[in-house]
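Tertiary structure, described
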Amino acid sequence: MAVGPVRQRDRGEAGPFRLEAFLPYLLSVAANRVSGLVARRYEDAFGITIPEWRCLAVIGEGEPTSASGIVERTAMDKVKVSRALASLQAKGLVRRAPHPTDGRLALISFTPRGRTVYERIVPLALETEREVLAGLSAAEERALRAGLLRLLARLEALERAQEGD
């Protein structure tokens, strides 16, 4: 998708619907393109898919964790997380251990090989992030991050309200 100069629509503005100006569409396209860029880099080097990388990233921030913890942190569906974890386990990158107090849960952690792969992917992911953000000034980057965090908080509130209906 080539995004040209599209006039931003003001809140509540009437007029024809334009997909390329629709915020959910813009967020989806941007997220998919950034993920795709990063994924091509670590898939070529490590044979890791986007869902597998997301699982590794969550495990790397606080192992051990559970599959439900990964679902919660990544907003991926349970089936996608389950398949990614099964693949990572088959590749020898993660291991499952029984939860000490809840027999329904398994705790997932890195194998030594998985830790090494994670530590090699992180600099690649961070470099790609720097390349993507190089198109923004420091102030624009701060505003983007702040706006996205506020948007995520708003979405969480809307989801909680919807669950309460």
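Just so we're clear, the structure is a prediction, and the values are computed from it rather than from any experiment.

**So, the confidence of the model for the protein chain**
Confidence in the prediction for the protein chain averages 88 pLDDT; 91% of positions are at 70 or higher. Of all helices and strands in the protein chain, the one with the weakest mean pLDDT is helix H1 (residues 23-46) (88), whereas helix H4 (residues 78-90) scores best (96).

**Considerations on the packing of aromatic side chains**
Counted under the stated rule, the structure contains four aromatic pairs. When the centroid spacing of 5.2 Å and the interplanar angle of 65° are considered together, the rings of Phe-17 and Phe-22 count as edge-to-face. Since its relative accessible area comes to 53%, Phe-17 is described here as exposed. Taking the centre distance of 5.6 Å and the plane angle of 45° together, the rings of Tyr-42 and Trp-53 count as tilted. With a gap of eleven residues between them, Tyr-42 in helix H1 and Trp-53 in helix H2 (residues 50-61) connect regions that are remote in the sequence.

**Remarks on helix H5 (residues 112-133)**
A turn of α-helix holds 3.6 residues, and therefore any two residues three or four places apart point the same way. In a regular helix each residue adds 1.5 Å, so 22 residues correspond to 32 Å; H5 covers 32 Å between its end C-alpha atoms and thus fits that length. For H5, the complete set of buried residues consists of Gly-114, Val-117, Tyr-118, Ile-121, Ala-125, Thr-128 and Leu-133. Tucked into the core, H5 has its buried residues touching H1, H2, strand S2 (106-110) and helix H6 (138-164).

**A few points about helix H3 (residues 67-74)**
Considered for burial, the residues of H3 that qualify are Ile-70, Val-71 and Thr-74. Looking straight down H3, one finds that the buried residues subtend no more than 100° of arc, so they occupy a single side. Within H3, the exposed residues directed more than 90 degrees away from the buried face are Glu-72 and Arg-73. Here the buried face of H3 lies against H2 and H4. Of the residues flanking the end of H3, it is Ala-75, one or two places downstream, whose phi is positive at about 60°.

**Looking at the packing of H2 against H5**
For any two helices packed against each other, one specifies the inter-axial angle together with the distance between the axes. Across the interface, H2 lies against H5 with an axial gap of 10 Å and an inter-helix angle of 105°. For the element pair H2 / H5, the angle class is roughly perpendicular. Across the interface between the two elements, Trp-53, Leu-56, Ala-57, Gly-60 and Glu-61 of H2 pack against Arg-115, Tyr-118, Ile-121, Val-122 and Ala-125 of H5. Of the residues in the contact of H2 with H5, the class split is seven nonpolar, one polar and two charged.

**So, the pattern of salt bridges**
Scanning the model with the defined rule gives seven salt bridges in all. A salt bridge links Arg-73 to Glu-61; the nearest nitrogen and oxygen atoms lie 2.3 Å apart. Residue Arg-73 is found in helix H3, and its partner Glu-61 is found in helix H2; the two are separated by twelve residues along the sequence. Take Arg-73: its relative accessible area is 53%, and that puts it in the exposed class. In this structure Glu-61 comes out as exposed when scored by relative accessible area, which is 56%. Overlapping salt bridges, with partners in common, bring together Glu-129, Glu-141 and Arg-145 in one network.

**Observations concerning the environment of His-99**
Take His-99: it is sitting in the loop between strand S1 (94-98) and S2. Taking the C-alpha atoms as reference, His-99 lies 8.7 Å from Ser-66; in sequence the two are 33 residues apart. If we ignore the near neighbours within four places in the chain, the residues touching His-99 are Leu-105, Ala-106 and Leu-107.

**Concerning the side chain of Thr-128**
Considering the arrangement of structural elements, one finds Thr-128 in helix H5. The buried category is assigned to Thr-128, whose relative accessible area is 1%. Not counting the four nearest positions on each side in its chain, Thr-128 is found in contact with Leu-37, Val-38 and Arg-41.

Cut-offs used in this document
Residues numbered from 1 in each chain as written. Predicted model: local features only at pLDDT ≥ 70, side-chain atom pairs only at ≥ 80, totals over all residues. Heavy atoms only, no water. pLDDT = per-residue confidence, 0-100. Helix = DSSP H or I, 4+ residues; strand = E, 2+ residues; numbered from the N terminus. Phe/Tyr/Trp six-rings, centres within 6.5 Å; stacked < 30°, edge-to-face > 60°. Buried < 20%, exposed > 50% of the residue type's maximum accessible area, 1.4 Å probe, protein only. Expected span 1.5 Å × (residues − 1). Contact = heavy atoms within 4.5 Å. Arc of directions from axis to C-beta. Axes fitted to C-alpha atoms, helices over the stretch in contact; angles between N-to-C directions. Parallel < 35°, antiparallel > 145°, perpendicular 65-115°, else oblique. Nonpolar A, V, L, I, M, F, W, Y, C, P; charged D, E, K, R; others polar. Salt bridge = Lys/Arg side-chain N within 4 Å of Asp/Glu carboxyl O.

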